[in-house]
Amino acid sequence: VIYTVKKTNPAVVSIIVSKEVPKYETYVDPNRQNPFGNLFPGFPFNIPQYRQNGTEKKQIGGGSGFFVSSDGLIVTNKHVVEQKNVEYTVFTNNGKKHIAKVIARDPVLDIALIKIEGQNFPYLSFGNSDSLEVGQSVIAIGNALGEFRNTVSVGVVSGLARSITAGSSSGSSEVLDHVIQTDAAINPGNSGGPLLDLSGRVIGVNVAIAQGSQNVGFALPINSVKGAIESVKSTGKIVRPYLGVRYIVINAALKEKNNLATDYGIIVKAGANADELAVIPGSPADKAGIVENDIILKVDGIKLDDKVNLVSIIREKNIGQTVNLKIFHKGVEKNVSVVLEAAKDD
């Protein structure tokens, strides 16, 4: 552990979020009328008032990240750098301060890439998160509580392929699937830092903790993140393949209630709002003839159920790749080939 930490620590950074906020001062208005009239004659009622006197820069958040290239490219969580009109400052392990620019925010995963100016930064190599085993030792490094930079904690892989609903301090939430559970201490501020194997390779990106728990933390598997990193290196932005459907996961209860032909798969269904169409016009799914109420059973032979998510499967594919879908279309089972395209920026 000591050797691994010495080798990897220089590549882990702390991210500070700062913003210009109003600065207020107190003052007393001598001309303010006594609110009690003449009930207390001669008694001064100089109630302090507040007024804005310029602005001041304050830290409003923080997180962690790690270098993935020598020219200053850094991986972190999207929720760490999701705010606009703020300043992001990166502190490297040697205490140097750098202004960072957000390069890309992932439309699918809680991942973002930021960059600082410079060369010859130490960077981390990637492991294979698909080969992880429960009980395997791991190391987490990050800016714990946004205050203790490059804090090291050690634990094991507690579980694999977990699905969680993660909420942020701003009130937003998202479902994260196939995440790694670990008992290595992960605290607020650790978000975006690396989860490492004992060889010092990144096998996950720390992303969330279970509130009110002890030693229940989660990390995005690095194999789900590699595509976004390579996309930014080659195109300057994160480009993801997409299918273009909204859907509901089928289970036994949904099958029984709606008299469906299957208790697994996903049914293509519009959202609650009028603008949330079941099939996005012009999308790969639309071009392949998929319509609302079609049931997608398998993708490239992989059965879709409550453990295997369509999004995670598509995320691992490439733009331009053809995938084979087994579907129920108007009660008839058929195979459909779909050519994946790049998801739109929004």
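Here is what the cut-offs are and how they apply
Residue positions are given per chain, counted from 1 along the sequence in the order it is written. Whole-chain, interface and lining totals are the exception, using all residues; otherwise, since this is a predicted model, local features are given only for residues with pLDDT of at least 70 and side-chain atom pairs are given and counted only at 80 or more. As a rule here, side-chain values come from all non-hydrogen atoms in the structure, and water together with hydrogens is ignored. To qualify as a helix, a DSSP run of H or I must reach at least 4 residues; to qualify as a strand, a run of E must reach at least 2; elements of each kind are numbered from the N terminus. The buried label applies to any residue whose accessible area, calculated with a 1.4 Å probe on protein chains only, is under 20% of its type's maximum; exposed applies above 50%, and partly exposed to all values in between. Contacts are assigned to residue pairs that have any heavy atoms within 4.5 Å of one another. Areas reported here follow the Shrake-Rupley algorithm with a probe of radius 1.4 Å; residue values treat only the protein chains shown as occluding. Only strands that DSSP links by at least two bridges are regarded as paired with each other. Axis lines are fitted to C-alpha atoms, over the contacting stretch for helices. Their N-to-C directions set the angle, which ranges from 0 to 180 degrees. By salt bridge we mean one thing: a side-chain nitrogen of Lys or Arg within 4 Å of a carboxyl oxygen of Asp or Glu. Definitions used for this entry: grid spacing 1 Å over protein atoms alone; cavity, a set of points where a 1.4 Å probe fits but cannot get out; pocket, an open set with protein on both sides within 12 Å along at least 5 of 7 lines; lining residue, one with an atom within 4 Å of a point. Grid points are joined across faces, edges and corners, and a volume is the space filled by probe spheres set on the points. All residues other than Ala, Val, Leu, Ile, Met, Phe, Trp, Tyr, Cys, Pro, Asp, Glu, Lys and Arg, Gly among them, are scored as polar; the first ten of these are nonpolar and the last four charged. Helix span, expected: 1.5 Å multiplied by one less than the number of residues in the helix. Aromatic pairs are defined between Phe, Tyr and Trp rings, using the six-membered ring for Trp, whenever the two ring centres lie within 6.5 Å; interplanar angles under 30 degrees are classed as stacked, those over 60 as edge-to-face, and all others as tilted. Charges are assigned to positions over rings by a cutoff of 6 Å between ring centre and Lys NZ or Arg CZ, combined with an angular limit of 35 degrees from the ring normal. Among buried residues, those of type Ala, Val, Leu, Ile, Met, Phe, Trp, Tyr and Cys that are joined through side-chain atoms within 4.5 Å constitute a nonpolar core.

Asks: So, the overall build of the chain: which residues are in play, and what are the values?
Replies: Helix and strand counts for the chain stand at five helices and 20 strands. Here the chain, with 346 residues, has 41% of them falling under the buried criterion. Sequence separation of at least 24 residues holds for 63% of the intrachain contacts in the chain that already meet a minimum separation of 6. As displayed, the chain offers around 18,200 Å² of accessible surface, 48% of which is attributable to carbon and sulfur atoms.

Asks: Which residues make up the sheet that holds strand β5 (residues 97-105), and what values go with them?
Replies: Pairing is antiparallel around the closed barrel formed by six strands, whose spatial order is β1-β2-β3-β6-β5-β4. Pairs of neighbouring strands in the sheet enclose a mean axial angle of 45°, with direction left out of account. As defined by bridge partners, strand β3 (residues 73-76) adjoins strand β6 (residues 112-115) across four bridges and the pair is classed as antiparallel. Looking across to β6, one finds that V75 is bridged to L113.

Asks: Outline the pattern of salt bridges, supporting the account with residue identities and numerical values.
Replies: Under the definition given, this model contains five salt bridges. Linking R201 and D197 is a salt bridge whose minimum nitrogen-to-oxygen distance equals 3.1 Å. Here K317 ties to D300 by a salt bridge, and the two come within 2.8 Å at their closest N and O atoms. Here the residue K317 occupies a position in the loop between α5 (310-315) and β18 (322-329), and D300 occupies one in the loop between β16 (295-299) and β17 (302-303), the gap between them amounting to 17 residues.

Asks: Explain the layout of surface pockets residue by residue, including any values.
Replies: In this structure, the second largest pocket occupies an estimated 610 Å³ of space. Lining the second largest pocket are 18 residues, and of these V108, Y242, L243, G244 and V245 sit closest to its centre. For the lining of the second largest pocket, the secondary structure elements donating two or more residues are β13 (241-242) and α5. The element that contributes the greatest number of residues to the lining of the second largest pocket is α5, accounting for four residues. Here the lining of the second largest pocket is built from residues that sort into 12 nonpolar, one polar and five charged.

Asks: Tell me about helix α2 (residues 222-235), residues and numbers included.
Replies: Spacing of three or four residues puts side chains on the same side of an α-helix, whose turn is 3.6 residues. With 14 residues, α2 extends 20 Å between its outermost C-alpha atoms, agreeing within 8% with the 20 Å of an ideal straight helix rising 1.5 Å per residue. Three or more residues of α2 are buried, namely I222, N223, S224, V225, A228, I229, S231 and V232. In the segment just after α2, G236 is the residue with positive phi, at about 85°.

Asks: Mind laying out the side chain of N190, listing which residues take part and the relevant values?
Replies: Turning to its location among the elements, N190 is positioned in the loop between β9 (173-182) and β10 (194-196). Ignoring anything within four residues of it in the chain, the contact list for N190 reads S64, I141, G142, N143, A144, A185 and N206.

Asks: Kindly report on unusual backbone geometry, identifying the contributing residues and their values.
Replies: Among all residues except glycine, the phi angle is most often negative; among peptide bonds, the trans geometry is most common. One non-glycine residue, D300, lies in the positive phi region at around 50°. Looking at D300, the relative accessible area reads 33%, which means it is partly exposed. Although it is not a glycine, K330 adopts a positive phi angle of roughly 50°. With respect to the helices and strands, the residue K330 is situated in the loop between β18 and β19 (332-339). For K330, a relative accessible area of 74% corresponds to the exposed category.

Asks: Pulling in residues and values, what's your account of the packing of aromatic side chains?
Replies: Applying the stated rule across the entire model yields one aromatic pair. Its end group placed over the ring of F91, R149 keeps NZ or CZ at 3.9 Å from the ring centre.

Asks: Describe the nonpolar core, and please don't skip the residues or the numbers.
Replies: Among soluble globular proteins, nonpolar side chains are generally buried collectively. With 29 residues, the main nonpolar core has V75, I111, L113, V205, L220 and V225 as its most contacted residues. Of the residues forming this core, the biggest block, five residues, is contributed by α2. If near-sequence neighbours (up to four positions away) are discounted, V205 is found in contact with F66, V75, N77, I111, G192, G193, F218, A219, L220, I222 and V225. Core analysis: the second largest hydrophobic core is formed by 20 residues, I266, I290, L310 and L340 among them.

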